[in-house]
Amino acid sequence: MLEEIMSAVNDQIFGVWFLAGAALVFWMQAGFAMVETGFTRAKNAGNIIMKNLMDFCIGTVVFILIGFGLFLGEDTLFGLVGMPNFDIITNYATFDWSGFVFNLVFCATTATIVSGAMAERTKFLSYCVYSGIISAVIYPIEAHWTWGGGWLAQMGFHDFAGSNCIHMVGGISALIGAMILGPRIGKFVRDKDGKVTKVNAFPGHNIPIGALGVFILWLGWYGFNGAAATSLEQLGSIFVTTTIAPAIATVTCMIFTWIKYKKPDVSMCLNASLAGLVAITAPCDTADALGSVFIGLVSGLLVVFGVWFLDNVIHVDDPVGAVAVHMMNGIWGTIAVGLFSTSSVPGYSITDASGNVMTGLFYGGGFKLLGIQLIGMFATAAWTAVTITITFFAIKKIFGLRVTQEEEITGLDATEHGLPSAYAGFSIMDITDNMMNVNENTDLGTHDVSEASEALVNAAVPVVNNSVPEFDTGIHKIVIIAKLSRYDKLKRAMNELGVTGMTMTQVMGCGVQKGAGEMYRGVEVDTTLLPKVKVEVVVSTISVDRVIEAAKKVLYTGHIGDGKIFVYNVSRVVKIRTGEENFAALADVE
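Residues numbered from 1 in each chain as written. Predicted model: local features only at pLDDT ≥ 70, side-chain atom pairs only at ≥ 80, totals over all residues. Heavy atoms only, no water.

Some details on the confidence of the model for the chain
- Model confidence for the chain is summarised by a mean pLDDT of 87, while 87% of its residues fall at 70 or above.
- For the stretch residues 512-516, pLDDT sits under 50, and the model shows 7 contacts to residues farther than four places along the chain or on other chains.
- Of the regions scoring below 50 in pLDDT, residues 519-524 engages in 8 contacts with residues more than four places distant in sequence or in other chains. (pLDDT = per-residue confidence, 0-100. Contact = heavy atoms within 4.5 Å.)

Let's talk about the layout of surface pockets
- Its volume calculated, the second largest pocket comes out at about 680 Å³.
- If you trace the second largest pocket, you find 29 residues lining it, with Ala 201, Ser 267, Met 268, Val 307 and Asp 311 closest to the centre.
- When contributions to the lining of the second largest pocket are tallied by element, the ones reaching two or more residues are helix 10 (266-281), helix 11 (289-312) and helix 12 (322-340).
- Here the lining of the second largest pocket takes 7 residues from helix 11, the largest share from any one element.
- Of the residues contributing to the lining of the second largest pocket, the split by class is 17 nonpolar, 7 polar and 5 charged. (1 Å grid on protein atoms, 1.4 Å probe; cavity = no way out; pocket = protein on both sides within 12 Å on 5 of 7 lines; lining within 4 Å. Points joined across faces, edges and corners; volume = space filled by probe spheres on them. Helix = DSSP H or I, 4+ residues; strand = E, 2+ residues; numbered from the N terminus. Nonpolar A, V, L, I, M, F, W, Y, C, P; charged D, E, K, R; others polar.)

Describing empty space enclosed by the protein
- In this structure the tally under the stated criterion is 3 cavities of 30 Å³ or more.
- Reported here for the largest cavity is a volume of approximately 140 Å³.
- As for the largest cavity, its lining consists of 15 residues, and the residues nearest its centre are Phe 32, Val 35, Val 320, Ala 322 and His 326.
- Counting residues per element, the ones that place at least two in the lining of the largest cavity are helix 1 (2-38), helix 4 (97-117), helix 10 and helix 12.
- When grouped by side-chain class, the residues that make up the lining of the largest cavity number 8 nonpolar, 6 polar and 1 charged.

A closer look at the packing of helix 17 (residues 487-497) against helix 18 (residues 544-555)
- With their axes 9 Å apart at the nearest point, helix 17 and helix 18 run at an angle of 150 degrees to one another. Here helix 18 runs roughly antiparallel to helix 17, going by the angle between their axes. The hand of the helix 17/helix 18 crossing is right-handed. The segment helix 17 lies against helix 18, with Lys 489, Leu 490, Ala 493, Met 494 and Leu 497 engaging Arg 546, Val 547, Ala 550, Ala 551, Val 554 and Leu 555.
- Considering only residue class, the contact of helix 17 with helix 18 consists of 9 nonpolar, no polar and 2 charged. (Axes fitted to C-alpha atoms, helices over the stretch in contact; angles between N-to-C directions. Parallel < 35°, antiparallel > 145°, perpendicular 65-115°, else oblique. Left-handed = near helix turned anticlockwise from the far one by under 90°.)

Description of the packing of aromatic side chains
- Scanning all chains against the criterion turns up 23 aromatic pairs.
- Ring geometry for Tyr 127 versus Tyr 130: centroids 5.0 Å apart, planes at 75 degrees, classification edge-to-face. Of this pair, Tyr 127 and Tyr 130 are both found in helix 5 (residues 124-147), 3 residues apart, which corresponds to roughly one turn of the helix.
- With centroids separated by 5.3 Å and ring planes inclined at 70 degrees, the aromatic side chains of Phe 340 and Phe 362 adopt a geometry described as edge-to-face. With Phe 340 in helix 12 and Phe 362 in the loop between helix 12 and helix 13 (368-398), this pair connects stretches of sequence that are 22 residues apart.
- Above the plane of the ring of Tyr 127 lies Lys 51, whose end atom (NZ or CZ) is 5.1 Å from the centre. (Phe/Tyr/Trp six-rings, centres within 6.5 Å; stacked < 30°, edge-to-face > 60°. Lys NZ or Arg CZ within 6 Å of the ring centre and 35° of its normal.)

A word on the environment of Leu 490
- Position of Leu 490 among the secondary structure elements: in helix 17.
- In the structure, Leu 490 is positioned 45 residues away from Val 535 in sequence and 9.0 Å away in space, judged by C-alpha atoms.
- Aside from chain neighbours lying at most four places away, what touches Leu 490 is Ile 480, Val 535, Ala 551, Val 554 and Leu 555.

Topic: a nonpolar patch on the surface
- On the surface, Val 61, Leu 65, Ile 66, Phe 86 and Ile 89 cluster together into a nonpolar patch covering about 470 Å² of accessible area.
- No other element matches helix 2 (residues 45-72), which puts 3 residues into the nonpolar patch.
- Note on placement: Phe 86 falls in the loop between strand 2 (81-82) and helix 3 (87-90). (Patch = residues over 30% accessible without salt bridge, like charges linked within 9 Å, V, L, I, M, F, W, Y side chains within 5 Å. Areas by Shrake-Rupley, 256 points an atom, 1.4 Å probe, with all protein chains shown as cover. Salt bridge = Lys/Arg side-chain N within 4 Å of Asp/Glu carboxyl O.)

A closer look at the pattern of salt bridges
- For the structure on display, the rule yields 14 salt bridges.
- The partner of Arg 492 in a salt bridge is Asp 488, with the nearest N and O atoms 2.4 Å apart. One end of the pair, Arg 492, and the other, Asp 488, are both in helix 17, 4 residues apart, so they sit about a helical turn from each other.
- Take Arg 492: its relative accessible area is 35%, and that puts it in the partly exposed class.
- Relative accessible area serves as the criterion here: at 4%, Asp 488 is assigned to the buried category.
- Notably, a salt bridge pairs Lys 575 with Glu 580, separated by 3.6 Å at the nearest N-O pair. (Buried < 20%, exposed > 50% of the residue type's maximum accessible area, 1.4 Å probe, protein only.)

This is the structure:
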């Protein structure tokens, strides 16, 4: 009698923990939102928050309609798919409420992973469509194979919490999506033959928010991995492995980047924490402490390699490192089950179709479990690659997948959501490419300052115009105020003229256009502050007229707000470092 009571109490306690774990996994949506927002640029922060919100909300709708049935419905078609049903509507009294919520939050995580790799240039409508398809069809069917009693489960394939079913699937989808979508403007510099000659870094605008997201995710991962535990001993073991692997991965990454790049890389270490968590997700219940150390060690190196590989080898732009973290370490975690699983852990339950216990290669189990893990991994990867490729190309054909160049440069907050800035009251400037390059028109002067000064005086180009005559010093300051989205083109035009130095300031232009304002909480905003850029250039040997014509050519759109150009006669220039004045002060840069 006492045993029955204790068993019932134990079931109730773990039932509560099961739902608490689901709540922790839901809270991970906030973590993903913070990581993605912090690792990208400020002009897209609102768009990213909206996407992460809609992941879960759209996912809930489609999971009710079809996803839950395909996942956990009655097994059919030889273990390939569950039978769709509407039990949540028609048979609510006896419905598995806890199971629905628990599996829903996992489903939403898969779609969220894709968001990061395709950030800053994807149409919001298209994002909503593919997020819905992932949650409705792609994830539920492959998850049924492992967790719904499908054919992989019958073979003995093991993925306790989702290295394969969630993270690898999300990572593969992210990789294919980013490849089809193409890189952000300015990410890769190509020569005339199309070969990548340089990779530009786009630092995240708010690393503290990104770090907060990582801590939120790490906390949520204890529910992600531990919610399905069936005993206190097993739960404790899962908590241990879920702590060791990411910690080892982060330390490994810190040491490696410190050696390789001469400084410990903050954002890479944050990615490494997530990589260790992803890798331990599948074997969290079957690995011991030593196995977790090795899993984390590989993860810390793999995430650095993954980021480098995408940037420098296959030239795929992944703003947050989603592919390196989720796909590569999802694969590694799935394989790790076949290497590090040991029957010494509490609650060990990996058996083959005949009920025989299987352990990992490094614990005397041979290649059998590893082989099954590889079969399951490749089958899941193939299903994901085929279905998500079809999805992306269909969306690209019907809706278009990528925003316009103008929209991307301006920022998706403004163009997709009518949100001037996610940081109202703060001055935010996002420039796609800050670099200026030496070309055939570049003249950095000579090492002999006196010779350079005389040459510049002789080469100075006077300005001929219809303004009130004044003494022409031969040195002129040109101030250009234009749309922020046109800065990149303006910078290149100036660079091509031979201008190698300019001063940039973000300013806000205020205009009143009744009837054409954006809406905020249902109310039209009559006066809109729009981001502008003020570029100041001082020239002497380069004709002012050439600068003006080049600027007009790249800035003109024919619409109000193209900007203005101001030309000033400069009476005196002083170089602070050397004390040189006028033409001598401009000898090494113009």
